[in-house]
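# Examination of the molecular architecture
Below are the chains, spelled out letter by letter.
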Amino acid sequence: MHNIVILGANFAGTGTAHYLLRHVLPNLDSSLETSYKVTLISPSNHTFYKIAAARAIQGPTKEQLQKLFYSIPNAFTSYPVASFTFILGKAVGLDEKTQTLTIKTEKEETIHYNSLIIATGTTSNSPLWTLHDSLADTISAFEDINTRLASAKLNDILIVGGGAAGVETAGEVGYKFKGKRKTITLLSGTTELLPRYHHKGVSRAATSQLSALGVKITHNLRVISTSPLADGKTEMSLSDGSKKVVDLYIDATGGQPNTSFLPVSWLDNTRKVITETTTLRTPVKNVYAIGDVASFSLGNIMDSTWAIPALCYSIYEDLSNGGKGLKEKRYKQITSAMCFIPIGAKGGVGALFGLQLPSWFVWLLKSRDYMIGWAPAVANGKAFTKP
């Protein structure tokens, strides 16, 4: 039995599992003695539609909040039992020589892999933006911030992070409290907003729209440490040597790659998995990487989902010795600015292939509901019905 193991089960990992089961395994030569199965391993048994996380901090109902999360086991019931296994656990070790993973479940167990796909993503400082292993931690974080944003005593709000999560969060909070005399501050931590997209027009538009919602933006200032106070407030030390106390502190900074269990030789200097962009192969035979954990990734949804067909073709190509059952696919990464960032419910900023988009277009595409209707597809694989 050739075991194709996928580590991580959100956008990249779950989508890859569906694609392999639907298009790759059926096209591998069944006349050979080798049979194939997909083993999907994740510390959470639910996917998390984190695209809509900023909107969810506003105080949705319990039913609305649940729409961000979908059961992984339930999404794979249509496949033959012999072809698919889901393991609720976390990779904590890997032996390259024996091709063995150590998985922490209720106890520790070892899993042998023949092919390995690393889709473990990153972990943010706050569980609002990525699952911290447990689904319960993220739901609890949303419930806590919903309660605190509804408090009449809330006056001073500090949001940290000048990327998409920080800008979207500041937009949601600013929209919620527009005209209500709240002090809302966004620390970018750099010289401008949204620096990753290298688009001055988008950055300026974000600054303008947030300012119109009453959000104060401060650049070149970082939070060094935070301490919760007995009254529920947060005290923080800032990079200029000052201290500040706020009623609500929201950390919307980026995450760290989930690669601590991997050999150091597999990683680049940012601790991401060294990955070739067009094929998603790593330098290690039969090992692949996709999504935020891979070195080629720009940290966007495209590099986690649009790259799946190319990854799965590489796996098919390697297992079939150049078979012709699937059409060749290579990933063509979009390197020009591509983003759709809501700033409140009425508009936002964005770029498409480097061209700046008007606010109404971002509203039409994303600001209305953060494309929540796409959330089930993260789990059920409907986006990959065709190869």
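Look above for the structure.
Criteria and thresholds
Residues numbered from 1 in each chain as written. Predicted model: local features only at pLDDT ≥ 70, side-chain atom pairs only at ≥ 80, totals over all residues. Heavy atoms only, no water. Axes fitted to C-alpha atoms, helices over the stretch in contact; angles between N-to-C directions. Helix = DSSP H or I, 4+ residues; strand = E, 2+ residues; numbered from the N terminus. Parallel < 35°, antiparallel > 145°, perpendicular 65-115°, else oblique. Left-handed = near helix turned anticlockwise from the far one by under 90°. Contact = heavy atoms within 4.5 Å. Nonpolar A, V, L, I, M, F, W, Y, C, P; charged D, E, K, R; others polar. Salt bridge = Lys/Arg side-chain N within 4 Å of Asp/Glu carboxyl O. Buried < 20%, exposed > 50% of the residue type's maximum accessible area, 1.4 Å probe, protein only. 1 Å grid on protein atoms, 1.4 Å probe; cavity = no way out; pocket = protein on both sides within 12 Å on 5 of 7 lines; lining within 4 Å. Points joined across faces, edges and corners; volume = space filled by probe spheres on them. Pairing = 2+ DSSP bridges.

Attention now goes to the packing of helix α1 (residues 11–24) against helix α8 (residues 308–320). Two elements in contact, α1 and α8, have axes separated by 10 Å at closest approach and are oriented at 50 degrees. Taken together, the axes of α1 and α8 lie oblique to each other. Crossing of α1 over α8 shows right-handed handedness. From α1, F11, A12, G15, T16, Y19, L20 and V24 reach across to α8, where they touch I308, P309, L311, C312, I315 and Y316. Among the residues making up the contact of α1 with α8, the classes are represented as eleven nonpolar, two polar and no charged.

Glancing now at the pattern of salt bridges. The full count for this structure, using the stated rule, is eleven salt bridges. For D292, the salt bridge is made with K50, and the minimal N-O distance between the two is 3.8 Å. Taken as a pair, D292 in the loop between β19 (287–289) and α7 (302–305) and K50 in the loop between β3 (46–48) and α2 (53–56) lie far apart in primary sequence, 242 residues in all. K50 gets classed as partly exposed once you look at its relative accessible area, which sits at 28%. Measuring nitrogen to oxygen at the nearest pair gives 3.3 Å for the salt bridge that ties K366 to E168. Here the residue K366 occupies a position in helix α9 (residues 359–367), and E168 occupies one in helix α5 (residues 164–176), the gap between them amounting to 198 residues. Residue class for E168 comes out buried when judged on its relative accessible area of 7%. Here the residues in one salt-bridge network are R281, E317, D318, E328 and R330, joined through shared partners.

Another point: empty space enclosed by the protein. Counted by the stated rule, this structure contains one cavity of 30 Å³ or more. Counted as a void, the largest cavity has a volume near 50 Å³. Contributing to the lining of the largest cavity are F11, G15, T305, W374, A377, V378, A383 and F384.

Below, the discussion takes up the sheet that holds strand β16 (residues 243–246). Strand order in the open sheet formed by three strands is β14-β15-β16, with antiparallel pairing between adjacent strands. If you trace the sheet from one side to the other, it starts and ends with β14 (223–228) and β16, each paired once. Between one strand and the next, the sheet's axes are offset by a mean angle of 25 degrees, whatever the strand orientation. Sheet topology note: the β14/strand β15 (residues 234–238) ladder contains five bridges and is antiparallel. Within the sheet, the bridge partner assigned to P228 lies in β15 and is T234.

Note that all results are geometric; they support no functional claim without further evidence.
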